[in-house]
Amino acid sequence: MEQNFNLYHIFYTVAKCKNISGAARELYISQPAISKAISRLELNLNTTLFLRSSRGVKLTESGEILFKQVESAFTAISQGEEQLLRMQKLGMGHLSIGVSSTLCKYVLLPILQPFIRQNPHVRISISCQSSNETVAALESGSVDIGLIGATESMEKLVFRPVMEIQDIFVTTRTYLEHLKERIPAGSPLSSRTVLAESTLMVLNQENYTRQYVDRYLSQENITASRMIEVTSMDLLIEFAKIDLGVACVIRNFVREELACGHLIQLKMPVSIPGRQVGFSYMKGSSTPETVRKFLAFFEASAKGTP
């Protein structure tokens, strides 16, 4: 193929220059080498491509047909080279990210905003989905990188921690006061009693956070009499703030509500173990340039490097 490409390149140059001497100067090869290449191409195609005269060369009908196709091919190659150079100069590219809506809002966006400012020509696509769905998307190749919670089954993934998160139970003082009225007099208002008598608000069962919390509740033999499932942690936070029940949320994302007293944290006998959130991508595969750039930017930012 490489030899044929060279022959077509010589043919294309001769056709543009309309003489062999001009093509020789442009290609930096001898006139006999060009004549030999044209003869070889004509032999390969079993046709005459040029009519030769003292004034130069002229394409035959067969040559005209071939030139139109070859010209299109070399134009496409030239345009491709220009596009690549432009991409390299502007830092263009595409980065596809899989992330849950909660992690997207509270973790990804603060990282993504300065990255976009520094790399305005990178095209970003975000798939908001559960962490389990993001892992499946990574394995299928439909996303480049995922922001997920660490799991025990990550042997196929590279995991780069971003932060540790802590699941907690929150409610309002008003809800606790109303709850006291429903509990028999003299009964201690322990965290277990509160959870047992409360409306417990959690994410739906497809969510990895919910699965993680369910394991904790099972290990601690904690049950709730009523349960509300939702698909968004933002809704859990808002429901808790209007005295609807006790919500299981991530402490990192309700710091302001806890600081100002809109929500209070239930002190559990055994805290839910903390867990890591981080960026993941497939092991052993060729990591796209945009992923390497994004991770390098994140790590530099985490270290405080400008």
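Now for a look at the structure at hand. Since we're looking at a predicted model, the values are computed, not measured. In this numbering scheme, every chain counts its residues from 1 along its sequence in written order. The predicted nature of this model means local features are confined to residues of pLDDT at least 70 and side-chain atom pairs, given and counted, to a pLDDT of 80 or more, with totals for whole chains, interfaces and linings taken over all residues. Processing note: side-chain calculations cover all non-hydrogen atoms of the structure and skip hydrogens and water entirely.

**A short note on the overall build of the protein chain**
Here a strand is any run of E in DSSP of at least two residues, a helix any run of H or I of at least four, and the numbering for each starts at the N terminus. Tallying secondary structure elements over the protein chain gives 12 helices and 12 strands in all. In terms of C-alpha radius of gyration, the protein chain reaches 33 Å, well past the compact-globule figure of 19 Å for 306 residues. By its C-alpha atoms, the protein chain is 115 × 35 × 30 Å across when sized along the principal axes. When accessible area is computed with a 1.4 Å probe and restricted to protein chains, residues below 20% of their type maximum are described as buried, those above 50% as exposed, and intermediate ones as partly exposed. Buried residues in the protein chain amount to 42% of all 306 residues. Taken over C-alpha atoms, the radius of gyration is set against a globule rule of 2.2 Å times the number of residues to the power 0.38.

**With respect to the sheet that holds strand S8 (residues 199-203)**
We call two strands paired when DSSP finds no fewer than two bridges between them. Taking strand neighbours across the sheet as the criterion, the five strands line up as S9-S8-S10-S7-S11 in an open arrangement whose pairing is mixed. Both outer strands of the open sheet, strand S9 (226-230) and strand S11 (264-265), are each paired with one neighbouring strand and no more. Bridge count for strand S7 (residues 167-171) against S11 is two bridges, and the pairing is antiparallel. Across the sheet, residue Val170 finds its bridge partner in S11, namely Gln265. Contacts between residues were defined by any pair of non-hydrogen atoms, one from each residue, lying within 4.5 Å. The axes are straight lines fitted to the C-alpha atoms, using for helices just the contacting stretch, and the angles between their N-to-C directions are given from 0 to 180°. On the sheet, helix H9 (residues 208-219) packs against S7, S8, S9 and strand S10 (246-250) and is oriented at approximately 85 degrees with respect to S7.

**Digging into the packing of helix H5 (residues 101-118) against helix H12 (residues 289-302)**
Between H5 and H12, the shortest axis-to-axis distance is 10 Å and the interhelical angle comes to 110 degrees. Classified by the angle their axes make, H5 and H12 are roughly perpendicular. Crossing hand, H5 versus H12: right-handed. Residues Leu108, Ile111, Leu112, Pro114, Phe115 and Gln118 of H5 form the contact with H12, whose participating residues are Lys293, Phe294, Phe297 and Phe298. Grouping the constituent residues of the contact of H5 with H12 by class yields eight nonpolar, one polar and one charged. Should an angle fall under 35 degrees it is taken as roughly parallel, and over 145 as roughly antiparallel, whereas 65 to 115 is taken as roughly perpendicular and any remaining angle as oblique. Crossings are assigned a handedness: left-handed for a near helix turned anticlockwise from the far helix by less than a right angle, right-handed for a clockwise turn. Classification convention: Asp, Glu, Lys, Arg as charged; Ala, Val, Leu, Ile, Met, Phe, Trp, Tyr, Cys, Pro as nonpolar; all other residues, Gly among them, as polar.

**Some thoughts on helix H2 (residues 20-27)**
Along H2, the residues classified as buried are Ile20, Gly22, Ala23, Ala24 and Leu27. Immediately downstream of H2, the backbone of Tyr28 shows phi near 60 degrees, a positive value.

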